[in-house]
Structure formats: structure tokens, C-alpha cells
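Secondary and tertiary structure notes
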Amino acid sequence: MNVTIRSRNKKKYREWVLWLLLLPSLMGMLIFYLLPFFLSMYYAMIDNVVSRRFVGLQNFIDTFRNLSFQRALKNTAFFILVGVPLNLICSFIIASLLKKMTKLKGFFGLIFLIPMIIPAGAVVFVWKSIFDVNGILNWVLYSVGLPMKNWLESEWVLGIVIIIFLWKNIGIGMILFWTGLNRIPKTYYEVARVEGGSAMRQFFNITLVYIMPTGFVAALLSIINSFKIFKEVFLLFGNYPSEWVYLLQHYMNNQFLAANAQKLSASAGIISAFIVSVLFFFFRSQRKLSEHFS
Amino acid sequence: MIKRKNMIKRKNMIKRKTWQGGLLYISIMALALLTLLPIVLLVTNSLMSGREIVSRYSMDITVFNVLNTEYIKAGDAPFHFVEMTFLPDYITFYQYFKLFFKSPEYLRLFWNSVILCVPIVVGQCIISVPAAYAFERLQWKYKEHLFFIYIIVMLMPTQVLLVPHYLLAEMVTLPPYLAIILPGIFSPLGIFLLRQQLKGFPHECLEAAQVDGAAHGNILYHIVLPNMKPSVAVLVMITFADYWNIVDQAIVFIKNVFDEPMSIALSKVMQNDTGMFFAMACFYIVPIVVLFMACRDYISQELSFVGVKN
């Protein structure tokens, strides 16, 4: 009797220590992330900081009606819809190429990871001297005799941003796909070979199906990273870029400059709602996938 | 006869295999070179003299309508293309000399980056290690729900998280550096990464220690921490890379030009003092590359843990 009480007390004591270990992080999370976020949602629903009249969803509707927000939304959506699948395809191809190699695998894998850590500020100059009016790309076009273009101010500029995005993000996707590919049991392929499945069938029925869960994670990470491209875009074009690269991040940034707390909070609310819904979609389909497999 | 035919067939197959293998290596090598190209360019061009850099890379000399192609095709256009090269006309270390001994204003930018990053990295480690351990050991019904909140915050774009930080900093008038550092310390990324690693840690080991009467602090310090060195190293590298490359937060919070970290000041150097740019950029990427090389053995392993999670 006595012993059980003591051990229960001890257990409680131990739980208490764990909470103590967690406490700093919880406090920080609360003070610096969650509470201010709720505050910003409150700001999103009042008309201005002085009168503090409750206006409901008016700020959100205004934000959606705002022409520059629409433009930003369009550009960002285009960038994500093109850039993320391209990133997945490229990193999958490189991962499967690397998997076929026998020597120097790790070395090359490491090389593809390096762009991930190189700060944007250091390489922006290189991008600029390639794509600028009198950059390398135009020089090549000129020497071949093709018409040149002011790429950084044309409607093609998002394509350039996508190239930069790929350069930076292929590495992480490649690592994910690489481990995903290595986790597919070799016996599946052997069975398929014995039963006469062609390489094409093997790819579609085994590789693609079993790489799916990894693909989901890679897609999620790629979407998250696609928001980070703002660093490069900002350093290339500054606060007010041409309308072809005007991203959601620019919109937010300009609201910061205007110190407009209402619009800022409303657009933050919209973007976070988007991210949360993407997350829920991913987790649900992932659960379905894993149920499907087990 | 049949045997011989078979042998020829096999020989052909081997030939094809080596041929394919060669192609594979060549394509991978080409891709790797393409990936490294910008960095190699930075390093070699940092050994160029300032005047050569300006004459090679000055971009805004010609105010010229490029779309007017007919004029260019006529040949004698006063058109100046960027002359990118890997080999400088003559090699000099003068840019580095100038950077280290003659221009304290540039070193200050570097120092700004340092005092912005180091507290975040250190604080992040101090907060995350115990928190990740607690998350893994805690037996609370809603633990995973709480953790899910952490994951959502982790995946939010910087711009969205900046709004709460901005409102908070306005409310209590935090100085700009603190407004960046404090939220950075509590960012949930570290807890997520370390917990992923802890999940693979043998729990029997921890429980045995507990039965023997070791306190949580002791277990954490003597058993968990020594085994988590790789994850902590990778956490340090990722956090450092993230904040070394800080742009979004800096342009919102830091108004004073002299307080800007290297990440945004560098693009101004690029415009105002092109000759110095390459040397500075190289100096700027050295710490993070060194860190990357120091934990290169763990990186791919750790990053793949992120994928195992779900």
C-alpha cells in the first residue's frame, strides 16, 4: 500500500519534471506565436486601431477584391502549380539516377544539397548576370542570331524564378525520394521480373505506387519552400517588382511598409487558412494511403 | 554454336551496360557541375581585381532598347554584354586585403549577421533539446494535438508568422534585433527534428534507467544527449543556414542601414561597389559551408527522417 502510493507520487513527480522541461518552449510558443496570432485575427476583424469597431469579414472581402492581391494570388498560384511538380519530377529523376550508380553516390548527393545552404544574397548576382538585359542568356541568343528579350521584365520572369527555385530545392526532394526508393523491397521487382512485367509496368505498378507516401512529404516540403523564394525575388527586384513577379509575399511586405495592421492581418489569415487546408488535405490522404497499404 | 551465340549476346549486354553506366555518370556529373557553377564562379571571381570585375560585369552601362533587334543585328552596336569568366585575367588577393583591413564598414555587416544568428542557434538548441525529450516521454492525452499545433506553426510561411511578431514588437516596442531573435529561439523546427530522431531511440533503454532511479535530467544529459549529437549538429546547421540567409524579417524590422545583416546588405554592395562583391560573398558563405562540411555525414540521414515521420 505504502509502496504504491510512493511510486505513484514518484510518477507524478516525474511527469512534473517533464512539464518543467517543456515549459520554456510552451511559453515561447504562446507568447511569440499563438497569442499574437489571435491578436492579429482580432485586428483583421476591426475597422481600425483607433475606433476598434467590429466589422466581421469585411477586411477579408476587401483583401480579396484588391486588384494587387488578386495579381499576387495569381502569380503565386502559378508559381506553386508549375514549380512544385517540376521540382518533384526533377528530384525524382536525379534520385533514381543516383540510385543506379555504384560509386560516389554520397559525394554527388552531397553536391546537390549544397545550393540549399547557400544564402540568396551571394548568388543573386550570378542570376542577374545571366538573365539581365546584357546578360549571358541574351549574349547566347545574340550570337545565335535569335531575338533578345529583357527577361527580367518580361512575362517570362516567373520561369526564371522557377529555375532558381529548382536549383535550390532539388537537393532536399532528392534525399527524400532516395530514401523512399531504397525502402521499396527488392523482392517486389524480382517477382515482377519473374512474372514477365516490363520495365514500364514495373515502374508504374511498383515504383510509383510505393513512392507515393514519400512524394506527399516531398510535395508538402516543396510547397513550404516555395514561399521562401521571396528572398531571391526580393533581392533581384526589390519592393516593387513588375506585375509579372508580384507575389503574395510582396503584397504582405508592402502592407508592412504601410503599417496597415488590418489588411496585414487579413492577408495573413487568408494565407494561413490556405496552408492549414493544404495540411489537412495532406494528412487525410496520407492516412488513406497508409490504410490502403496495410 | 548456340553457346557461342549466347556468349556474343552476353558480351553485347555487358557492353550496353557499361555504355549506359558511362552515360549515367556523365549526366550526373554535368548536373552536379551545373549545380556548383554559381559557387565556383563566386570563388574564382573573388580573385579578380576590382577594375576587371567592374569592366566585366557592369550591367547598366548601356541604356539600350534590346527589343530593337534590327539595330543590334546591324553589327556595330555599342552593346556591352556581361563577360562572365572562370579565369581572371590576373589573379590577385587585393579584394580580400581590402575587405579585411581597409573597410571596417563591410566587416560590421558580417558582425551584424553573426550577432543575429548565434543567439538564435544557441537558444534554439537550449530550448529544443529538453522540449523534444519531454514531448517524447510525456504521457498526456492531448500530447499529439499539441504537437500538431507545433507542426502547423513550423510549416507557416515566414510572411505569415511575421504578422504576429510585428504586432507583438509594436505593442511592447522591442528593439529590432530582439524582435527577430526572440521568436527565432522558440521556432518549433528544432523540436520537430529532434523528436523525429528520438522516436527511433530505444525506449527500453530510457525506461531501464528510470527504473534504476535516474531523474529525467540525468537521463537527458547522460543518455539522450550523447546519442543525439548528429541531430543537434544538423539542427544547428539548418537553423544557422536559415537565419544566415535572413531577408524577410530583416527588411521588416531593421530600418537602420548600418544594422542590416549581410544577407540584404550584400545586394546593395553589389550595386554600389561591384568590385568588392565577390570577395564579400565568398567571405559570407564560408561559415555556412564549413558548418555544412562539418556535419556532412549526418545530413542526408537526418533529412530523410523528416520523410519517415508521416
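Residues numbered from 1 in each chain as written. Chains lettered and ligands numbered in written order. Predicted model: local features only at pLDDT ≥ 70, side-chain atom pairs only at ≥ 80, totals over all residues.

Here the focus is the overall build of chain A. The helix and strand inventory of chain A stands at 12 helices and 0 strands. Counting helices and strands in the order they occur from the N terminus, chain A gives α-α-α-α-α-α-α-α-α-α-α-α. Taken against the 2.2 N^0.38 rule, which gives 19 Å for 294 residues, the C-alpha radius of gyration of chain A at 25 Å runs more than 25% over that of a compact globule. Each principal axis of the C-alpha atoms in chain A carries an extent, and together these give about 90 × 70 × 35 Å. Across the 294 residues of chain A, 39% fall into the buried class. Summarising the internal contacts of chain A: among those between residues at least 6 apart in sequence, 72% fall at separations of at least 24. (Helix = DSSP H or I, 4+ residues; strand = E, 2+ residues; numbered from the N terminus. Rg over C-alpha atoms; globule rule 2.2 N^0.38 Å. Buried ≥ 20, exposed ≤ 12 C-beta atoms within 10 Å, placed from the backbone. Contact = placed C-beta atoms within 7 Å.)

Next up on the list: the overall build of chain B. Counting its secondary structure elements, chain B contains 16 helices and 0 strands. Looking at chain B residue by residue over its 310 residues, the buried ones come to 38%. Contacts in chain B between residues far apart in sequence, at least 24 positions, make up 81% of those at least 6 positions apart.

As a further point, take the interface of chain A and chain B. Counting from both sides, the interface comprises 81 residues of chain A and, opposite them, 79 residues of chain B. At 16 residues, helix 1 (residues 2-44) of chain A tops the list of elements feeding residues into the side of chain A that touches chain B. Tallied by class, residues from the side of chain A that touches chain B come to 57 nonpolar, 18 polar and 6 charged. (Nonpolar A, V, L, I, M, F, W, Y, C, P; charged D, E, K, R; others polar.)

Residues and elements named next belong to chain A. Its location among the elements puts Val 233 in helix 10 (residues 230-237). Classification of Val 233 as buried rests on a count of 25 C-beta atoms within 10 Å. Along the chain, Val 233 and Met 27 lie 206 residues apart, while their C-alpha atoms are 34 Å from each other. Excluding residues within four positions of it along the chain, Val 233 makes contact with Val 161, Pro 241, Val 245 and Leu 247.

So, about the domain arrangement of chain B. Note: interface size is frequently given as the accessible area lost on complex formation between the parts. Here chain B is partitioned into domain 1 (1-38) and domain 2 (104-308). The straight-line distance from the C-alpha centre of domain 1 of chain B to that of domain 2 of chain B is 43 Å. (Domains from an automatic or database assignment.)

The next thing to look at is the nonpolar core. One finds Val161(A), Leu266(B), Met280(B) and Ala281(B) to be the most contacted residues of the largest nonpolar core, which totals 152 residues. No other element matches helix 7 (residues 157-182) of chain A, which puts 14 residues into this core. The contacts of Leu266(B), once residues within four sequence positions are left out, are Gly121(A), Ala122(A), Met280(B), Ala281(B) and Tyr284(B). (Core = buried A, V, L, I, M, F, W, Y, C linked by C-beta atoms within 7 Å.)

Let us now look at unusual backbone geometry. Its identity is not glycine, yet Thr173(B) carries a phi of approximately 45°, on the positive side. By the secondary structure assignment, Thr173(B) is in the loop between helix 7 (158-172) and helix 8 (176-185).

With that settled, consider the confidence of the model for chain B. Residues and elements named next belong to chain B. Residue-level pLDDT values for chain B average 82, and 85% of them are 70 or greater. Note on residues 69-76: pLDDT under 50 across the span, and 6 contacts to partners over four residues away in sequence or across chains. Both scores are available for the predicted complex, with the pTM at 0.86 and the ipTM at 0.84. (pLDDT = per-residue confidence, 0-100.)

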